[in-house]
Amino acid sequence: MRALLATGAIDSAARMGFLTFFPFLLLSKGAGTAGIGLALSLLFVGGAFGKLFCGYLGARVGMVKTVWLTEGMTALLIAMSLALPLFGTMAMLPLLGLALNGTSSVLYGTVPELADATGREHAFALFYTGTIGGGALSPVLFGRLGDLAGVPVAMLALAAFLLFTLPLSWRVGRDLDA
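Values in this document were obtained by computation on a predicted structure and should not be read as measured data. (Residues numbered from 1 in each chain as written. Predicted model: local features only at pLDDT ≥ 70, side-chain atom pairs only at ≥ 80, totals over all residues. Heavy atoms only, no water.)

### Thoughts on helix α1 (residues 2-28)
So, step 1. In a regular helix each residue adds 1.5 Å, so 27 residues correspond to 39 Å; α1 covers 38 Å between its end C-alpha atoms and thus fits that length.
So, step 2. A maximum bend of about 35 degrees is found in α1 at F21, where proline P23 lies one to four positions downstream.
So, step 3. One or two residues past the end of α1 sits G30, with phi positive at roughly 100 degrees. (Helix = DSSP H or I, 4+ residues; strand = E, 2+ residues; numbered from the N terminus. Expected span 1.5 Å × (residues − 1). Bend = angle between axes of the 7 residues up to and from the residue.)

### Remarks on a nonpolar patch on the surface
So, step 1. Residues F49, L52 and F53 make up a contiguous nonpolar surface patch of about 310 Å² in total accessible area.
So, step 2. As for its position among the elements, L52 is in helix α2 (residues 33-61).
So, step 3. Exposure remark for L52: the relative accessible area of 60% places this residue in the exposed category. (Patch = residues over 30% accessible without salt bridge, like charges linked within 9 Å, V, L, I, M, F, W, Y side chains within 5 Å. Areas by Shrake-Rupley, 256 points an atom, 1.4 Å probe, with all protein chains shown as cover. Salt bridge = Lys/Arg side-chain N within 4 Å of Asp/Glu carboxyl O. Buried < 20%, exposed > 50% of the residue type's maximum accessible area, 1.4 Å probe, protein only.)

### Details of the packing of helix α5 (residues 120-149) against helix α6 (residues 151-162)
So, step 1. Direction vectors running N to C along α5 and α6 enclose 135 degrees, while the axes themselves pass 7 Å from each other. Judged by the angle between their axes, α5 and α6 are oblique. α6 is crossed by α5, and the crossing has right-handed handedness. The residues of α6 that touch α5, namely those facing S138, F142, L145, G146 and A149, are V151, V153, A154, A157, L158 and F161.
So, step 2. The class makeup of the residues in the contact of α5 with α6 is nine nonpolar, two polar and no charged. (Axes fitted to C-alpha atoms, helices over the stretch in contact; angles between N-to-C directions. Parallel < 35°, antiparallel > 145°, perpendicular 65-115°, else oblique. Left-handed = near helix turned anticlockwise from the far one by under 90°. Contact = heavy atoms within 4.5 Å. Nonpolar A, V, L, I, M, F, W, Y, C, P; charged D, E, K, R; others polar.)

Below, the structure written as structure tokens:
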């Protein structure tokens, strides 16, 4: 359960950190208020679809493969959002939203598989508290890095941090198999 909690906390931290920095990145690319609103709409539409798609994918190919796909894709697309011009960034936002928001559906669905029937409520309480905590701390910690080194460096660090979910999810998969 610890590996799942860490995976969920990092996933939530990446999502909240990205959402904090993303408008500043768009401003630096020349987007105005309407452009930022459109970008967030594209991201959230992709995220809504990601909840559905990743739940389906997780049931078909398993939690580990789904997390590796979505978290790897999220890290790559965050890095690409730094390199692409505004139009390219806008074009890939639905896919980024799918990956950014979809992973949590698979993780939440794994909690009851790791907890026995008498401890599920406690397991969900720990998991939700940990993921909310990760999401709450991320803007503060990565924000400090952004203040010191700039938004692009903080976003790249966030993408790299997200890759810690890969070995953690592998550990969760081993726990599921046991």
